[in-house]
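Fold and geometry: a report
Residue-level listing of the chains:
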Amino acid sequence: MQLAAESKIDFQSEIYKDAYSRINAIVIEGEQEAYENYIKLAELLPETKDELIRLSKMESRHKKGFEACGRNLQVTPDLEFAREFFSTLHQNFQDAAAEGKVVTCLLIQSLIIECFAIAAYNCYIPVADDFARKITEGVVKDEYSHLNFGEVWLKENFIQSKAELEDANRQNLPIVWRMLNKVEKDAHTLAMEKEALVEDFMIQYGEALSNIGFTTRDIMRMSAYGLTA
Ligand code: Y39
Ligand code: FE
Ligand code: FE
Ligand code: FE
């Protein structure tokens, strides 16, 4: 692992800042969409409304934190790039919400997107500038609690959710792989390796599926959909 303090990452170089304008935007846009998604989930799950509104507020705090990280490096986030980056996953969430498919919404936001965030933030922390590292360390703790919310709800409702989860996994896991391919080069410029992102994502996601109630055999089968992206 490369550590920022010991390596020669030049946070002020144009190459670094150019890559940061896209990665920082992805994170800002991701946090904004996560905020909106938890508000939508609060409507769909009125019995856990207060908890979900609390999670949505955490997401908007995360967004403010990452906006500060961009400002600190004097980088302007490329939000148009970021909206395009999330558009397919975003549309799938919107479509599912419109149909009242709460299980699909939870799989997209609380499992897939949260695992993606945890993988990205874990890989970023060791190579971040000091300012961004402190912010990201605080954020990643929250993301584990968001993932936990999804796991607990889906575990409690596993039998009636299983088929929809498998379907939603088949439709959405390949999208994450395509997203990873689109950021691979910029992530590398920030000293984050795609292999490490994939590894961390699959560990988190596999553990989540296991906690919900899927067997190892199910998890292997479901994970294979990532590979065909
Ligand atoms: O739940 C959340 O806060 C998730 C919205 C945030 C998503 C962050 C996605 C990060 C992907 C970055 C890819 C960098 C290699
Ligand atoms: Fe967040
Ligand atoms: Fe989150
Ligand atoms: Fe490398």
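One can find the structure itself at the top, above this paragraph.
Residues numbered from 1 in each chain as written. Chains lettered and ligands numbered in written order. Predicted model: local features only at pLDDT ≥ 70, side-chain atom pairs only at ≥ 80, totals over all residues. Heavy atoms only, no water.

1. Things to note about the coordination of the iron ion (ligand 2)
Rules: The donor set covers N, O and S atoms within 2.8 Å of the metal, switching to 3.2 Å for Na, K and Ca, and it leaves out water, so a site may look short of donors. Just to be clear on the cut-offs, tetrahedral is four donors with all angles between 85 and 135 degrees, square planar is four donors and octahedral six with opposite donors over 155 degrees apart and all others between 65 and 115, and anything else goes down as irregular. Each helix is a run of DSSP H or I of at least 4 residues and each strand a run of E of at least 2, with the numbering of both proceeding from the N terminus. Residue burial is assigned from relative accessible area. The probe radius is 1.4 Å, only protein chains are included, and a residue is buried under 20% of its type maximum, exposed over 50%, and partly exposed in between.
In the first shell of the iron ion (ligand 2), the protein supplies Glu31 (OE), Glu31 (OE), Glu59 (OE), His62 (ND1) and Glu143 (OE), at 2.0 to 2.7 Å from the metal. For the iron ion (ligand 2), the 6 donor atoms are set out with angles of 52 to 176 degrees between them, so the coordination reads as irregular. Between consecutive donors of the iron ion (ligand 2), the numbers of intervening residues give the motif E-x27-E-x2-H-x80-E. Here the iron ion (ligand 3) and the iron ion (ligand 2) are spaced 3.4 Å from one another, each receiving a donor from Glu59. With Glu31 in helix H1 (residues 14–44) and Glu143 in helix H5 (residues 130–156), this pair connects stretches of sequence that are 112 residues apart. For the pair Glu31 and Glu143, a shared accessibility class is recorded, and that class is buried.

2. Overview of the packing of aromatic side chains
Put simply, the rule is: Pairing of aromatic rings covers Phe, Tyr and the six-membered ring of Trp, with a centre-to-centre limit of 6.5 Å; geometry is then stacked below 30 degrees between planes, edge-to-face above 60, and tilted otherwise.
Scanning the model with the defined rule gives 9 aromatic pairs in all. Ring centres of Tyr16 and Tyr20 lie 5.8 Å apart, and the angle between their planes is 20 degrees; this geometry places the pair in the stacked category. One end of the pair, Tyr16, and the other, Tyr20, are both in helix H1, 4 residues apart, so they sit about a helical turn from each other. Take Tyr16 and Tyr20: they sit in the same class, and that class is buried. When the centroid spacing of 6.4 Å and the interplanar angle of 20 degrees are considered together, the rings of Phe81 and Phe85 count as stacked. Highlighted residues: Phe81 and Phe85, both in helix H3 (residues 79–98), separated by 4 residues, approximately one helical turn.

3. A closer look at the coordination of the iron ion (ligand 3)
The coordination sphere of the iron ion (ligand 3), as far as protein atoms go, consists of Glu59 (OE), Glu114 (OE), Glu114 (OE), Glu143 (OE) and His146 (ND1), spread over 2.0 to 2.4 Å. For the iron ion (ligand 3), the 6 donor atoms are set out with angles of 56 to 168 degrees between them, so the coordination reads as irregular. Here the donor residues of the iron ion (ligand 3) share one chain and are spaced in sequence as E-x54-E-x28-E-x2-H.

4. Some points on helix H7 (residues 194–212)
Put simply, the rule is: Multiply 1.5 Å by the residue count of a helix minus one, and that product is the helix's expected span.
In this model, H7 (19 residues) spans 27 Å end to end at C-alpha, consistent with the 27 Å of a helix rising 1.5 Å per residue. Inspection of H7 places Lys194, Leu197, Asp200, Phe201, Gln204, Tyr205, Gly206, Ala208, Leu209 and Ile212 among the buried residues, and these make up the whole buried set. Just past H7, the residue Gly213 takes up positive phi, approximately 135 degrees.

5. Some thoughts on the pattern of salt bridges
Side chains bearing opposite charge may pair, as long as their charged atoms lie close to each other. Worth spelling out the cut-off: By definition here, a salt bridge exists when the distance from a side-chain nitrogen of Lys or Arg to a carboxyl oxygen of Asp or Glu is within 4 Å.
The full count for this structure, using the stated rule, is 10 salt bridges. Here Arg170 ties to Asp167 by a salt bridge, and the two come within 3.3 Å at their closest N and O atoms. With a gap of 3 residues between them, Arg170 and Asp167 both fall in helix H6 (residues 158–189), about one helical turn apart. Classification of Arg170 by relative accessible area gives partly exposed; the value is 38%. Residues joined in a network through salt bridges with shared partners are Lys162, Glu166, Asp218 and Arg221.

6. Topic: the nonpolar core
For the record, the criterion: Remark: nonpolar core denotes a set of buried residues (Ala, Val, Leu, Ile, Met, Phe, Trp, Tyr, Cys) joined through side-chain atoms within 4.5 Å. Between two residues, a contact is recorded if the distance between any of their heavy atoms is within 4.5 Å.
Ranked by size, the top nonpolar core spans 79 residues in total, and within it Tyr20, Leu111, Phe201 and Tyr205 carry the most contacts. At the level of secondary structure, the elements contributing two or more residues to this core comprise H1, helix H2 (49–72), H3, helix H4 (102–124), H5, H6, H7 and helix H8 (216–227). Ignoring sequence-local partners within four residues, the contact set of Phe201 consists of Ile112, Cys115, Phe116, Ala119, Leu173, Val176 and Trp177.

7. Overview of the packing of H3 against H4
Defined as follows: Helix axes are fitted only over the stretch in contact, all axes being lines through C-alpha atoms; the angle between N-to-C directions runs from 0 to 180 degrees. Angles below 35 degrees are treated as roughly parallel, those above 145 as roughly antiparallel, those between 65 and 115 as roughly perpendicular, and all remaining angles as oblique. In the scheme used here, Gly and all other residues not listed as nonpolar or charged are polar, with Ala, Val, Leu, Ile, Met, Phe, Trp, Tyr, Cys and Pro taken as nonpolar and Asp, Glu, Lys and Arg as charged.
In the contact formed by H3 and H4, the axes pass within 8 Å of each other and the chain directions differ by 150 degrees. Judged by the angle between their axes, H3 and H4 are roughly antiparallel. Within the contact between the two elements, H3 uses Phe85, Leu89, Asn92, Phe93, Ala96 and Ala97 and H4 uses Thr104, Cys105, Ile108, Gln109, Ile112, Ile113 and Phe116. Each residue belonging to the contact of H3 with H4 can be placed in one class, and the counts come to 10 nonpolar, 3 polar and no charged.

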